[in-house]
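# Secondary and tertiary structure notes
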Amino acid sequence: MAATHFLTYPPRPLEGKTEDKSRDVLVFFISGNPGLMDYYEPFLSTLRSLLDGVASLEHTRFHIYGQDLAGFRDEDHEPFTRHRKPYDVEYQIQHSLATLERLRIESGPRSGSPYDEVLLIGHSVGAYIALELFHRLLRNPDLTSHLNLASGILLFPTIDHIAKSSNGRKMDLLRRTPVLGNNAYRIARTFLHLCPRAMLRWIVHNVAGIPAQNGDITVRWLKSRDGVWQTLHMGMDEMKVIREDRWDEELWEIAHDAEANHKVIPKFFFFYGKKDEWVADHYRDEFIQKRQKQVERTRVIVDEGDIPHAFIIHHSETVAEKVSAWISEMYSGS
């Protein structure tokens, strides 16, 4: 069984005495569902290039790392069965936590040492996972005492009443219909098995409008043994887990806990789509209104254009530019 697939983008080597003044920041990316990091390669590689070009960040070495969520690639697990079911949201939180705990600086004179800070970036359900990691680690520093969670960037975050969104209502209906919900993956797997790969590729490219690179990733996922089952299982679990507005007070408890444990107070950027089929507008607007008094610590931005929830299909570079600007705001001159 293979290890979880990951992408890593190390910083450029620093020269001369600059090395002594530098700090190492782990940029840990958590994907949405389906949790295949290959979708995010253009986004992460663009972000790497942009950060390398910011002169004000010359003393900060950003190590970018992102890994698949568990279960979306057949080789990272034993085949799922009726008794060995796909992974739920809680498992993905633990999976990410275990990786964060073991990651260390990979190169340079400080190789093997813990990172000075960790910046979590989460997309969709990855934003929920990121906030859970903040909450758990800052409330219980003994879990991983060497981790210093400094900030978070949450892209198209599904952190509140996901089942009330337009797509969430359909997924929740599937979940609450026992016969259909329990057998949806079988129906999908049968159809995908019968559909020739060439025809499926044509549908993905020409009907769904997914470009070549992401289209090939999509076809491999659809044709995999367990990928669709993992996606549906986790998606239905999201409908159960991401419900109440639990982050209303807990975000600010994070700040209190950080002060109590002599940690850097986290800074958050939330980036919402103008129209997001996985986010209910009412709850998004309510969240923004509540956060207006905390602009020093939490910035909430609503896209003024038409970037969709699945930005990785056509808008990776655009979102990478936004994220690079926010990171520069967080770290320049600090």
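Here we summarise the structure given alongside this text.

Rules used in this analysis
- Residues numbered from 1 in each chain as written.
- Predicted model: local features only at pLDDT ≥ 70, side-chain atom pairs only at ≥ 80, totals over all residues.
- Heavy atoms only, no water.
- Helix = DSSP H or I, 4+ residues; strand = E, 2+ residues; numbered from the N terminus.
- Rg over C-alpha atoms; globule rule 2.2 N^0.38 Å.
- Buried < 20%, exposed > 50% of the residue type's maximum accessible area, 1.4 Å probe, protein only.
- Contact = heavy atoms within 4.5 Å.
- Areas by Shrake-Rupley, 256 points an atom, 1.4 Å probe, with all protein chains shown as cover.
- Lys, Arg positive; Asp, Glu negative; His and termini not counted.
- Charge placed at Lys NZ, Arg CZ, Asp CG, Glu CD.
- Pairing = 2+ DSSP bridges.
- Right-handed = clockwise from strand over helix to strand, strands pointing away.
- Axes fitted to C-alpha atoms, helices over the stretch in contact; angles between N-to-C directions.
- Phe/Tyr/Trp six-rings, centres within 6.5 Å; stacked < 30°, edge-to-face > 60°.
- Patch = residues over 30% accessible without salt bridge, like charges linked within 9 Å, V, L, I, M, F, W, Y side chains within 5 Å.
- Salt bridge = Lys/Arg side-chain N within 4 Å of Asp/Glu carboxyl O.
- Core = buried A, V, L, I, M, F, W, Y, C linked by side-chain atoms within 4.5 Å.
- Arc of directions from axis to C-beta.

This paragraph deals with the overall build of the protein. Tallying secondary structure elements over the protein gives 12 helices and seven strands in all. Over its C-alpha trace the protein gives a radius of gyration of 20 Å, about what one expects of a compact globule, namely 20 Å for 334 residues. In terms of overall dimensions, the protein has C-alpha extents of about 60 × 40 × 40 Å along its principal axes. Here the protein holds 334 residues, and the buried ones make up 53% of them. Partitioning the contacts of the protein with sequence separation of at least 6, the portion at a separation of at least 24 is 81%. Element-wise, carbon and sulfur atoms account for 53% of the exposed surface of the protein, whose accessible area totals about 15400 Å². Across the protein, the mean location of the 41 positive side-chain charges is 5 Å away from that of the 47 negative side-chain charges.

What follows deals with the pairing of strand S4 (residues 117–123). Across the seven residues that make up S4, a large majority, seven, are buried. Alternating positions in S4 separate into two faces, Glu117, Leu119, Ile121 and His123 on one and Val118, Leu120 and Gly122 on the other, with burial throughout. Bridging between strand S2 (residues 23–30) and S4 involves six bridges; their strand directions are parallel. Each residue of the ladder has a partner; that of valine 25, found in S4, is glutamate 117. As paired elements, S4 and strand S5 (residues 149–155) share six bridges and run parallel to each other. Across the sheet, residue isoleucine 121 finds its bridge partner in S5, namely isoleucine 153. For the crossover that starts at S4, traverses helix H4 (residues 125–139) and ends in the parallel S5, the hand is right-handed.

What the seven strands build is an open sheet, ordered S1-S3-S2-S4-S5-S6-S7; its pairing is mixed. Strand pairing shows two members of the sheet lacking a second neighbour, strand S1 (6–9) and strand S7 (298–302), which therefore form its edges. Neighbour-to-neighbour, the strand axes of this sheet turn through a mean angle of 15°, independent of strand direction.

Here a ring pair, both rings aromatic, is described through the centre-centre distance and the interplanar angle of the planes. Counted by the stated rule, this structure contains 19 aromatic pairs. Summarising the aromatic geometry, the rings of phenylalanine 29 and tyrosine 40 are spaced 4.8 Å apart at their centres and angled 55° between planes, so their arrangement reads as tilted. A residue pair is termed long-range when its members are at least 10 positions apart, and phenylalanine 29 in strand S2 and tyrosine 40 in the loop between S2 and helix H2 (41–52) qualify at 11 residues. Ring plane angle 85° and centroid distance 5.4 Å describe the contact between phenylalanine 62 and tyrosine 331, whose orientation is recorded as edge-to-face. Pair noted here: phenylalanine 62 is in strand S3 (residues 60–67) and tyrosine 331 is in helix H12 (residues 316–331), with a separation of 269 residues, a long-range link. Comparing phenylalanine 62 with tyrosine 331, the two get one shared label, buried. Through a chain of ring-to-ring contacts, three or more aromatic side chains come together here, namely Phe29, Tyr40, Phe43, Phe156, Phe269, Phe271, Phe311 and Trp326.

A grouping of Arg82, Lys85, Arg186 and Arg189 is seen on the molecular surface, where their side chains present a positively charged patch. With respect to the helices and strands, lysine 85 occurs in the loop between S3 and helix H3 (89–102). The class of lysine 85 is partly exposed, set by a relative accessible area of 46%.

Core analysis: the biggest nonpolar cluster contains 95 residues, and Ile153, Leu155 and Val323 have the highest contact counts within it. Setting aside residues up to four positions removed in sequence, leucine 155 forms contacts with Phe43, Ile121, Gly122, His123, Ser124, Phe271, Phe311, Val319, Val323 and Trp326.

Moving on to the pattern of salt bridges. Inspection of the entire model under this criterion finds 20 salt bridges. Residue aspartate 68 pairs with arginine 73 through a salt bridge whose shortest N-O separation is 2.8 Å. Taken individually, aspartate 68 and arginine 73 each receive the classification buried, so the pair is uniform in this respect. Here aspartate 306 ties to lysine 274 by a salt bridge, and the two come within 3.5 Å at their closest N and O atoms. Of this pair, aspartate 306 sits in the loop between S7 and H12 while lysine 274 sits in the loop between strand S6 (267–272) and helix H11 (281–291); the two residues are 32 residues apart in sequence, bridging distant segments of the chain. Under the relative-accessibility criterion, aspartate 306 is labelled exposed at 66%. Salt bridges here are not isolated pairs; linked through shared partners, they connect Asp24, Arg61, Arg110 and Asp116.

Quick look at the pairing of S5 now. For S5, the buried fraction is high: seven of the seven residues fall into the buried class. Here five bridges tie S5 to S6, and the two strands are oriented parallel to one another. Note on S6: the bridge partner recorded for isoleucine 153 is phenylalanine 269.

Looking now at H11. Every buried residue of H11 is accounted for by Arg284, Phe287, Ile288 and Arg291. Down the axis of H11, the smallest arc covering the buried residues is 100°, so these residues share one side. Opposite the packed face of H11, turned more than 90 degrees from it, sit the exposed residues His282 and Gln289.

What follows is about the environment of isoleucine 307. Assignment of secondary structure puts isoleucine 307 in the loop between S7 and H12. Taking relative accessible area as the criterion, isoleucine 307 reaches 7% and is therefore assigned buried. Here the alpha-carbon distance between isoleucine 307 and glutamate 106, two residues 201 residues apart in the chain, equals 34 Å.

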